[in-house]
Amino acid sequence: MRRLLALALTLGLALAQVPAAWLGLEVREQEGALVFQKGGLRFSYVPGLGWTAPLDPALPPPRGPELRLDERVLRAAGLIPAELPSARLRYRLAEDRLRLVLDLPPGPAPELPRAEGESPGWFTFYAPYFVPNPPDLEGLSFRYDDRGTEIRYLAPEGRVYRWRTFELGAPARFVMDAYFVPPPQVRTVAPGFELRREYVWTPEPLELVRLVAAAGAWKLRPVGTPGRRRKLPEMAPGALAVLNGGYYDPKTATPIGLWVVDGVPVSLPYGRSALMWDGGLPQAAVPKFEAWVETGGGERYRVGLNRWPARLTAHTLPGRVGRAGENVIVVRGDQVLHTYPAPVVLEPGQWALTYPDGDGEWTGRLKPGARLSLYVRLDPPVRYALEAGPLLVQAGRLAYHPEAEGFAKGAAQIEKVTYQAAVAWTREGELWFVTSGKTTPGVLAEQLLALGAWGAIRMDAGGSAQLYLRGALVFPERARPVVSGLALWPAD
């Protein structure tokens, strides 16, 4: 199943009638009347005339071949204790779950069982209420007694089963969720490579698709072209697998953050976590670097870079740069274009150096056409890197702190429930390409840690999250051109 189906059916509400047999009633015909009996309790219905004394003849008659009885009849007959409250049931059925909702009456409520767990196929819930409207759903059955209602559901065969119950307020409701999802699937796609599809519980089921590469069986390379969006297979023809890479400016396709190929930076750090490696097992961290500018006369000045500002700050991304009280030197390549008062909107292919207004060392000294070059040195140097973030797992511990990486609190980038993509690895040297169903990166971090990840970093998410295997999209269902990717080949 590619994707958990939305709960497409509206909550259904069945008629308030209960089959006689579900209440433990024996029914027989006697002298033209239907006689209902349970222990010493007995009452009768005469077709065409109605109920016999002591019941009101005008009460609703039995319905259908199951002889369904209205709650008013059952209470008048004394079959339901007067102190047992009623709670009507609504339901919603989808391919992977059944949700039952009891609408609770106002006032003090009996204690309800709150729990979650697994079962071999039968889900059983006990509610201390009389449920007058059991729906007619295949696999769903009800048993009634003086203390309440037992609700049982037999899920489809060949699934993984889990259930949970919880309460909601305003208005008061009791929710019973029964989940049934496909079992884990493992497929060998090449020597040392397995594609795994599985569900983890958050507590709702979350689909994970992982390409697992055994230690020493893989080689990893960043692929793509800054400023150009393409489908992932086009970036790495012949690769066994390709996962989407880091963030980029949607208008210009400019990559956001560090990107290093064969030791040469093709994009400079922004200031978030990056995946870095030299050919072996990767690591993920905010890269350490030194940045400086150099004039045509050979003068060198230390500068801040992007989200790591300083008195002199270099900006490498298109868009608005500089603050009030600063000047902005706009540069294309290593040639000064002009100096402006801040703020300035950078165009694609430009970078800028900001400095405080009134700084006599810089004001007016770099005329248009003068040389100004920007340099960055990583510490330590790496052969390959691709920035994304936030960091999810580090050294076998949860390391999800998005605000420390410049993600605004509450930002959609980290709060939106959407498709996720990540790279993870184990202490033993396995490498995982991961895509997931719709969730948040914080939830994904917890699940990867639970699966045994030693390290993990999120890549771009949402519509960009996608995993290809031998040129075919594996997950999710829609492809999107992106700027960068991570390609995996079997080791030579």
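Here the structure is a predicted model, which means the values were calculated and not measured.

Caption draft 1: Main features of the overall build of the protein chain. Per the secondary structure count, the protein chain includes four helices and 43 strands. Over its C-alpha trace the protein chain gives a radius of gyration of 33 Å, far above what one expects of a compact globule, namely 23 Å for 492 residues. Looking at the 492 residues of the protein chain, the share that counts as buried comes to 51%. A total of about 22,700 Å² of accessible surface is found on the protein chain, and carbon and sulfur atoms cover 51% of it.

Caption draft 2: Unusual backbone geometry, seen in detail. Note that the residue after Thr202, namely Pro203, is joined by a cis bond; omega there is 10 degrees. Omega for the bond connecting Ala342 with Pro343 falls within 30 degrees of zero, at 0 degrees, which places this linkage in the cis form. Along the polypeptide, Pro343 turns up in the loop between β31 (335–341) and β32 (344–346). Positive phi, normally seen in glycine, also occurs at Leu67, with a value near 50 degrees. Looking at the element boundaries, Leu67 is found in the loop between β6 (50–51) and β7 (68–70). For Asp262, which is not glycine, the phi torsion reads 50 degrees and is therefore positive. Inspection of the secondary structure puts Asp262 in the loop between β21 (259–261) and β22 (264–267). Residue Asp262 is classed as partly exposed on the basis of its relative accessible area, which comes to 48%.

Caption draft 3: The arrangement of the side chain of Glu294 in detail. Relative to the helices and strands, Glu294 is located in strand β25 (residues 289–295). Beyond its immediate stretch of four places on either side in the chain, Glu294 contacts Glu299, Arg300, Arg371, Leu372, Ser373 and Tyr375.

Caption draft 4: Here's a closer look at helix α4 (residues 441–450). Those residues of α4 lying buried are Pro441, Gly442, Leu444, Ala445, Gln447 and Leu448. Downstream of α4 by a residue or two, Gly452 has a phi angle that is positive, lying close to 105 degrees.

Caption draft 5: Structural context of the pattern of salt bridges. Using the criterion set out here, one finds 22 salt bridges in the structure. Taking the shortest distance from any N to any O, the salt bridge between Arg383 and Asp262 comes out at 3.4 Å. You can see Arg383 sitting in the loop between β34 (372–378) and β35 (384–387) and its partner Asp262 sitting in the loop between β21 and β22, a full 121 residues away along the chain. A residue is classified by how much of its surface remains accessible, and Arg383, at 39% relative accessible area, is partly exposed. In this structure, Asp359 and Arg311 form a salt bridge, with 2.3 Å as the shortest nitrogen-oxygen distance. Placement of Asp359 in the loop between β33 (350–356) and β34 and of Arg311 in the loop between β27 (304–305) and β28 (313–315) is noted, with a sequence separation of 48 residues between them. Within this structure, Asp96, Arg97, Arg99, Arg164, Asp177 and Glu204 form a network of salt bridges that share partners.

Caption draft 6: View of the packing of aromatic side chains. In total, this model carries 17 aromatic pairs according to the counting rule given. A ring pair is formed by Trp277 and Tyr384, whose centres lie 5.5 Å apart and whose planes are at 25 degrees; its orientation type is stacked. Of this pair, Trp277 sits in strand β23 (residues 274–277) while Tyr384 sits in strand β35, and the two are 107 residues apart along the sequence. The exposure class assigned to Trp277 is buried, which follows from its relative accessible area of 2%.

Caption draft 7: Quick look at the sheet that holds strand β12 (residues 140–145). Spatial ordering of the open sheet is given by β11-β13-β12, a layout of three strands whose pairing is antiparallel. Strands with a single pairing partner mark the edges of an open sheet, and in this sheet they are β11 (122–127) and β12. Along the sheet, successive strands turn relative to each other by an average axial angle of 15 degrees, direction set aside. In terms of strand pairing, β11 meets strand β13 (residues 148–154) through six bridges, oriented antiparallel. Residue pairing across strands places Thr124 opposite Arg152, the latter belonging to β13.

Caption draft 8: Fine view of the sheet that holds β27. As summarised here, the arrangement of the five strands in space is β27-β28-β33-β30-β31, forming an open sheet in which the pairing is mixed. Strand pairing shows two members of the sheet lacking a second neighbour, β27 and β31, which therefore form its edges. Inspection of the sheet shows β27 paired to β28 by two bridges, in the parallel sense. Across the sheet, Gly304 pairs through a bridge with Thr313, a residue of β28.

Caption draft 9: Local environment of the environment of Gly224. Inspection of the secondary structure assignment puts Gly224 in strand β19 (residues 218–224). When the C-alpha positions of Gly224 and Ala58 are compared, they lie 78 Å apart, and in sequence the two are 166 residues distant.

Caption draft 10: Here's a closer look at the pairing of strand β42 (residues 472–475). Alignment of strand β41 (residues 467–469) against β42, held across three bridges, turns out to be antiparallel. Directly across from Leu469, in β42, lies its bridge partner Ala472. Between β41 and β42, which pair antiparallel in sequence order, lie two residues; one of them, Arg470, sits at a positive phi of approximately 50 degrees.

Caption draft 11: Structural detail: the environment of Gly280. Structurally, Gly280 can be placed in the loop between β23 and β24 (283–285). Since its relative accessible area comes to 37%, Gly280 is described here as partly exposed. Along the sequence, Gly280 and Leu366 sit 86 residues apart, while their C-alpha atoms lie 44 Å from each other.

Caption draft 12: Representation of the environment of Ala422. Looking at where Ala422 falls in the secondary structure, it is placed in strand β38 (residues 418–425). Ala422 sits 179 residues away from Leu243 along the chain, and the two C-alpha atoms are 8.5 Å apart.

Caption draft 13: Structural detail: a positive patch on the surface. On the surface, Lys416, Lys438, Arg478 and Arg480 cluster together into a patch of positive charge. One can find Lys438 in strand β39 (residues 431–439). On the accessibility criterion, Lys438 (45% relative accessible area) is partly exposed.

Cut-offs and rules
- Residues numbered from 1 in each chain as written.
- Predicted model: local features only at pLDDT ≥ 70, side-chain atom pairs only at ≥ 80, totals over all residues.
- Heavy atoms only, no water.
- Helix = DSSP H or I, 4+ residues; strand = E, 2+ residues; numbered from the N terminus.
- Rg over C-alpha atoms; globule rule 2.2 N^0.38 Å.
- Buried < 20%, exposed > 50% of the residue type's maximum accessible area, 1.4 Å probe, protein only.
- Areas by Shrake-Rupley, 256 points an atom, 1.4 Å probe, with all protein chains shown as cover.
- Contact = heavy atoms within 4.5 Å.
- Salt bridge = Lys/Arg side-chain N within 4 Å of Asp/Glu carboxyl O.
- Phe/Tyr/Trp six-rings, centres within 6.5 Å; stacked < 30°, edge-to-face > 60°.
- Pairing = 2+ DSSP bridges.
- Axes fitted to C-alpha atoms, helices over the stretch in contact; angles between N-to-C directions.
- Patch = residues over 30% accessible without salt bridge, like charges linked within 9 Å, V, L, I, M, F, W, Y side chains within 5 Å.
- Lys, Arg positive; Asp, Glu negative; His and termini not counted.
- Charge placed at Lys NZ, Arg CZ, Asp CG, Glu CD.

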